[in-house]
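Observations on the model geometry
What follows is the residue order along each chain.
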Amino acid sequence: RSFCANIEFSKTKPFGIALDLCDGAFIRVGRIDKLGPVAEYNESASPREQIGSGDFIMAINAAAGNGKSMIKALQQGGMVNMQVRRPERFTLEGISKGDGAWGLDLTYHSRSSSIVVKQVFRSGAIAAWNETAPDEYNVKPGDYILEVNGLAGNPQDLHALIRNSEVVDLVISRPARD
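Since the model is a prediction, treat every value here as computed from it, not as a measurement.

**Notes on the packing of aromatic side chains**
Taken as a whole and judged by the stated rule, the model has five aromatic pairs. For the pair Phe26 and Phe56, a centre-to-centre distance of 5.4 Å together with 85 degrees between the ring planes defines the contact as edge-to-face. In this pair, Phe26 sits in the loop between strand 2 (17–20) and strand 3 (27–32) while Phe56 sits in strand 4 (residues 56–60), placing the two residues 30 residues apart along the sequence. Here Phe26 matches Phe56 in class, with each residue buried.

Here it is, written out as structure tokens:
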């Protein structure tokens, strides 16, 4: 579920990859362009070690645990050692807000395609969900919300839909466990 990719990046050419840029411990791959260093890497890599949409970048060179520092390492160019982990996706259905709040602190980047959970508060609908759900389906800081009530794409729309809904279905992604 994890692998290492060594890819040559240029400071002056596009990366050929769209990244979900949020303040998290890792970076989610949003899209791989048809041209660029990642596409070139994928052409010669085994299928098990090709980078795909939805994968998570856990480290770039010595930068790990902070998405912003990983982006800075990528922008330096040169040969990059990228630690990649496959995603784990699951769906939460019919979570009701009731009379309270969702109990989430969320963040997103305007050019992203998801919302990131910064914090799950001790009270609220999500905390109540977490109390009864198996641990692998608990909503946790660092989780990426990809869809809300069947809608995917624009993070502003996803955020508004969560805020304005009484009941939500959420598709969540996180790095798979090793």
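After presenting the structure, the write-up continues.
**Notes on the pattern of salt bridges**
The full count for this structure, using the stated rule, is seven salt bridges. In this structure, Glu88 and Arg177 form a salt bridge, with 3.4 Å as the shortest nitrogen-oxygen distance. Of the two residues, Glu88 is situated in strand 7 (residues 87–96) and Arg177 in the segment after strand 12 (167–175); the sequence distance between them amounts to 89 residues. For Lys140, the salt bridge is made with Asp135, and the minimal N-O distance between the two is 3.7 Å.

**Details of helix 1 (residues 37–44)**
Residues separated by three or four positions in an α-helix point in the same direction, a consequence of the helix having 3.6 residues per turn. Of all the residues in helix 1, the buried ones are Pro37, Val38, Ala39, Tyr41 and Asn42. Looking at the buried residues of helix 1, the elements they touch are strand 1 (2–9), strand 2 and strand 3.

**Quick notes on the confidence of the model for the protein chain**
Across the protein chain, pLDDT averages 93, with 100% of residues at or above 70. Within the protein chain, strand 2 has the poorest average pLDDT of any element, 89, and strand 12 the best, 97.

**Focus: the layout of surface pockets**
Empty space among the atoms becomes apparent when a probe as large as a water molecule is rolled across them. Size it by volume and the largest pocket reaches roughly 270 Å³. Lining the largest pocket are 14 residues, with Ile17, Ala18, Leu19, Leu21 and Arg111 sitting closest to its centre. Breaking the lining of the largest pocket down by element, the ones donating at least two residues are strand 2, strand 3 and helix 2 (67–75). Looking at the lining of the largest pocket, the element that brings in the most residues is strand 2, giving four residues. In terms of residue class, the lining of the largest pocket is built from six nonpolar, five polar and three charged.

**Let's talk about unusual backbone geometry**
Despite not being glycine, Asn61 has its phi angle at roughly 55 degrees, a positive value. Mapping Asn61 onto the fold places it in the loop between strand 4 and strand 5 (63–64). Unusually for a residue other than glycine, Asn149 sits at a positive phi of about 50 degrees. With respect to the helices and strands, the residue Asn149 is situated in the loop between strand 10 (144–148) and strand 11 (151–152).

**A few points about the environment of Ser53**
The residue Ser53 is located in the loop between helix 1 and strand 4 in this model. Remark: the alpha-carbon pair of Ser53 and Ser110, spanning 57 residues in sequence, is separated by 18 Å. Setting aside its immediate chain neighbours within four residues, Ser53 contacts Val29, Gly30, Arg31 and Ile32. Polar contacts involving the side chain of Ser53 include one to the main-chain carbonyl oxygen of Gly30, which spans 3.5 Å.

**Some remarks on the pairing of strand 4**
Regular strands place their side chains on alternate faces of the sheet. In terms of burial, strand 4 is largely enclosed, as five of its five residues are buried. With two bridges connecting them, strand 3 and strand 4 associate as antiparallel partners. From the neighbouring strand, Arg28 faces strand 4, where its bridge partner is Phe56. The sheet contact formed by strand 4 and strand 6 (residues 78–85) spans four bridges and is antiparallel. Within strand 6, the position partnered with Ile57 by the bridge is Val84. Sheet topology places strand 4 next to strand 5; two bridges connect them, and they run antiparallel. When the sheet's bridge partners are listed, Ile60 is paired in strand 5 with Ala63. Linking strand 4 back to strand 5 in an antiparallel pair, the connection comprises two residues, with Asn61 at a positive phi of about 55 degrees.

Conventions and cut-offs
- Residues numbered from 1 in each chain as written.
- Predicted model: local features only at pLDDT ≥ 70, side-chain atom pairs only at ≥ 80, totals over all residues.
- Heavy atoms only, no water.
- Phe/Tyr/Trp six-rings, centres within 6.5 Å; stacked < 30°, edge-to-face > 60°.
- Helix = DSSP H or I, 4+ residues; strand = E, 2+ residues; numbered from the N terminus.
- Buried < 20%, exposed > 50% of the residue type's maximum accessible area, 1.4 Å probe, protein only.
- Salt bridge = Lys/Arg side-chain N within 4 Å of Asp/Glu carboxyl O.
- Contact = heavy atoms within 4.5 Å.
- pLDDT = per-residue confidence, 0-100.
- 1 Å grid on protein atoms, 1.4 Å probe; cavity = no way out; pocket = protein on both sides within 12 Å on 5 of 7 lines; lining within 4 Å.
- Points joined across faces, edges and corners; volume = space filled by probe spheres on them.
- Nonpolar A, V, L, I, M, F, W, Y, C, P; charged D, E, K, R; others polar.
- Polar contact = N/O pair within 3.5 Å; in protein donor to acceptor, adjacent residues only side chain to side chain.
- Pairing = 2+ DSSP bridges.

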